[in-house]
Each structure stands twice: as C-alpha cells, then as structure tokens.
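Secondary and tertiary structure notes
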Amino acid sequence: MLLFKSLNCSSSHLQSPVPSSRFFPSVIVRTPRTLSIRRIRTNGSISMACTDDSRLKRIAASIRVIPDFPKPGVMFQDITTLLLDPQAFKDTIDLFVERYKGKGITVVAGIEARGFIFGPPIALAIGAKFVPMRKPKKLPGEVISEEYSLEYGTDKIEIHVDAVQSGDRALVIDDLVATGGTLSAAIRLLERVGAEVVESACVIELPELKGREKLGDSPLFVLIQAEGV
C-alpha cells in the first residue's frame, strides 16, 4: 500500500541544518483517507512540511500512482492529476512560497521537465528570476553543463552561461527526488557558476531510493514522502 507522510515545518535550517538527534511527529496518509500518527527521526539536511497543515492531505490524495510505468516494477508518481485539482495545485505553490518568501532568493532553477511547472509561479511570487535547467541540445545559446550517472550510461543538465551570476542565491525545484542524480548535478552546476544553493525543494520524495544521500550537506525540503513504492 502506498504511504504518504509529511513532517516538520521548520525553515530554520535554511540558515543552519536541524540537528539529526531531534524528533518530529509524522502524519501518515494512507490513500485514500486513513490517518495515523507516529514519531520518526529526521535527517539533519532534510525538512518537510507541517504535520498539522490540512493542505498536505489534499495534495497527497491528488497524486495518482501508476504501477509498472515506464517499466515493470516502477510505481510512477503522476502529478498531472494534482494539476487537474486547482486547489491542490495552489496549495502546493503556496506552501513553497510561504517557505521561501523573504529569504533573499534571487534564482529559482527548475529541472526539466516538471520543475518547469512548479518553478515559474514560485519565482514570480517571491520576486526571483526563473532559470530552466535543460537536457542537452535544448537551449539555443552558449551553455555550461554538468554530467551525472544513469543506471546505464550518463546524461547532462545545462543552463545558459549568462543565466546565473556569481553571488546569486538559488532555489532548485523539481517534482520528485528519487535517486538524486539529476538534483545533485543541478546543485553542482549552480555552485560551479558561483551561486549559493540555499535549498532544493520537491513535491515528493521516494526515500527508499536514498536520493538525499547524493546531496551531501545540501538541504532538501519536500512536501510529502511516498513509501512502499
């Protein structure tokens, strides 16, 4: 059975990570509607949205899970159904905006492709520029790229060379963190051009794939965790 859980709402680790010895309550949302409470230990570099925020239940319930896509054994987290629910979509954007407004972020970098859905409205709301991080040969101008490993082979992520300046404070946005390869490459690329990556943010985390481990000390914020996938 698919489990969704949401955790601690603190944004204090935008300046300093939450100590790993702390515990926070966790809400488990078993689709479609059953709720239970337990306590779990949080990782020092990861933070999640408030357990008592009713918006999270709506967001979790709006995400469709499709088994065996795009290949057998994969439980695909389909956020297109979230986009069909205007209130759930608004709640998703609002939760991110509430966290990052007033934090001095100058760049919201969205990872292709679903980072392009969530990134622009967040950037507009917090007064930052939006920078698309694209797959190879998609951007028309001069680019800088960062390579990352796939299960078989490698891939790259690219930005225009003049899109991000040294000293920019960047937020990286994607819909989901799984193995963490693309997200870690995005962080490395932004740091190479002199930006400070304040945080990465995703709607969903698949903790069983341990993607957060590839991020090292770079902080990650997620709205919900999907377990049992």
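About the cut-offs
Residues numbered from 1 in each chain as written. Predicted model: local features only at pLDDT ≥ 70, side-chain atom pairs only at ≥ 80, totals over all residues. Heavy atoms only, no water. pLDDT = per-residue confidence, 0-100. Contact = heavy atoms within 4.5 Å. Axes fitted to C-alpha atoms, helices over the stretch in contact; angles between N-to-C directions. Helix = DSSP H or I, 4+ residues; strand = E, 2+ residues; numbered from the N terminus. Parallel < 35°, antiparallel > 145°, perpendicular 65-115°, else oblique. Left-handed = near helix turned anticlockwise from the far one by under 90°. Nonpolar A, V, L, I, M, F, W, Y, C, P; charged D, E, K, R; others polar. Salt bridge = Lys/Arg side-chain N within 4 Å of Asp/Glu carboxyl O. Buried < 20%, exposed > 50% of the residue type's maximum accessible area, 1.4 Å probe, protein only. Expected span 1.5 Å × (residues − 1). Polar contact = N/O pair within 3.5 Å; in protein donor to acceptor, adjacent residues only side chain to side chain. Core = buried A, V, L, I, M, F, W, Y, C linked by side-chain atoms within 4.5 Å. Pairing = 2+ DSSP bridges. Right-handed = clockwise from strand over helix to strand, strands pointing away.

A closer look at the confidence of the model for the protein
With 78% of its residues at a pLDDT of 70 or more, the protein shows a mean pLDDT of 83. Taken together, the stretch residues 16–44 has pLDDT below 50 and engages in 64 contacts with residues farther than four places along the chain or on a different chain.

Comments concerning the packing of helix α3 (residues 86–100) against helix α4 (residues 115–126)
Look at α3 against α4: their axes get within 9 Å of each other, and the N-to-C directions meet at 50°. On the basis of their axis angle, the class for α3 and α4 is oblique. Two packed elements cross with a definite hand, and for α3 against α4 that hand is right-handed. For the pair formed by α3 and α4, the contact residues are Phe 89, Thr 92, Ile 93, Phe 96, Val 97 and Tyr 100 on the first element and Ile 117, Phe 118, Pro 121, Ile 122, Ala 125 and Ile 126 on the second. Looking at the contact of α3 with α4, its residues break down into eleven nonpolar, one polar and no charged.

As for the pattern of salt bridges
Here the structure, examined in full by the defined rule, presents 13 salt bridges. Of the charged contacts, one joins Arg 55 and Asp 53 as a salt bridge, the two residues approaching to 2.6 Å between their closest N and O atoms. A residue is classified by how much of its surface remains accessible, and Arg 55, at 19% relative accessible area, is buried. Across the salt bridge formed by Arg 188 and Glu 146, the nearest N and O atoms sit 2.9 Å from each other. In this pair, Arg 188 sits in helix α5 (residues 181–192) while Glu 146 sits in strand β9 (residues 143–149), placing the two residues 42 residues apart along the sequence. On the accessibility criterion, Arg 188 (32% relative accessible area) is partly exposed. A residue is classified by how much of its surface remains accessible, and Glu 146, at 13% relative accessible area, is buried.

Here we look at α3
Since the α-helix turns once every 3.6 residues, residues separated by three or four places project in the same direction. In this model α3 runs 21 Å from its N-terminal to its C-terminal C-alpha over 15 residues, within 8% of the 21 Å that 1.5 Å per residue would give. What α3 keeps buried is the set Ala 88, Asp 91, Thr 92, Ile 93, Leu 95, Phe 96, Val 97, Arg 99 and Tyr 100. The opening residue of α3, the one whose side-chain oxygen lies 3.1 Å from the backbone nitrogen of Gln 87, is Asp 85. Positioned one or two residues after α3, Gly 102 has a phi angle of 80°, which is positive.

Section: the nonpolar core
Within the largest apolar cluster, 31 residues are counted, with the highest numbers of intra-cluster contacts made by Val 108, Ile 122 and Leu 223. Elements that contribute at least two residues to this core include exactly α1 (55–62), α3, α4, β11 (169–177), β12 (196–205) and β13 (220–227). A per-element tally of this core places α3 first, with six residues. Among all residues touching Ile 122, those that are not within four sequence positions of it are Ile 93, Phe 96, Val 97, Val 108, Leu 171 and Ile 173. Counting 26 residues, the second-largest nonpolar core is a separate cluster that includes Ala 170, Leu 190, Ala 195 and Val 222.

As for the pairing of strand β7 (residues 107–111)
Within β7, five of the five residues are buried, which leaves the element mostly enclosed by the surrounding structure. In β7, alternate side chains face the same way, and those of Val 107, Ala 109 and Ile 111 on one face and Val 108 and Gly 110 on the other are all buried. Both β7 and strand β8 (residues 129–133) contribute to a ladder of five bridges, which runs parallel. Note on β8: the bridge partner recorded for Ala 109 is Val 131. Taking the sense of rotation as the criterion, the β-α-β connection linking β7, α4 and β8 turns out right-handed. Here four bridges tie β7 to β11, and the two strands are oriented parallel to one another. Counterpart to Val 107 in the pairing with β11 is Ala 170.

Some points on unusual backbone geometry
With an omega of 5°, the peptide bond running from Phe 69 to Pro 70 counts as cis. For Pro 70, the location among the structural elements is in the loop between β5 (64–67) and β6 (75–78). Look at the link from Glu 112 to Ala 113: it is a cis peptide, with omega at 0°. Within the secondary structure, Ala 113 is located in the loop between β7 and α4. Positive phi, normally seen in glycine, also occurs at Lys 137, with a value near 65°. When you line up the elements, Lys 137 lands in the loop between β8 and β9. Residues other than glycine seldom take positive phi values, yet Lys 210 does so here, at roughly 60°. Following the sequence through the fold, Lys 210 ends up in the loop between β12 and β13.

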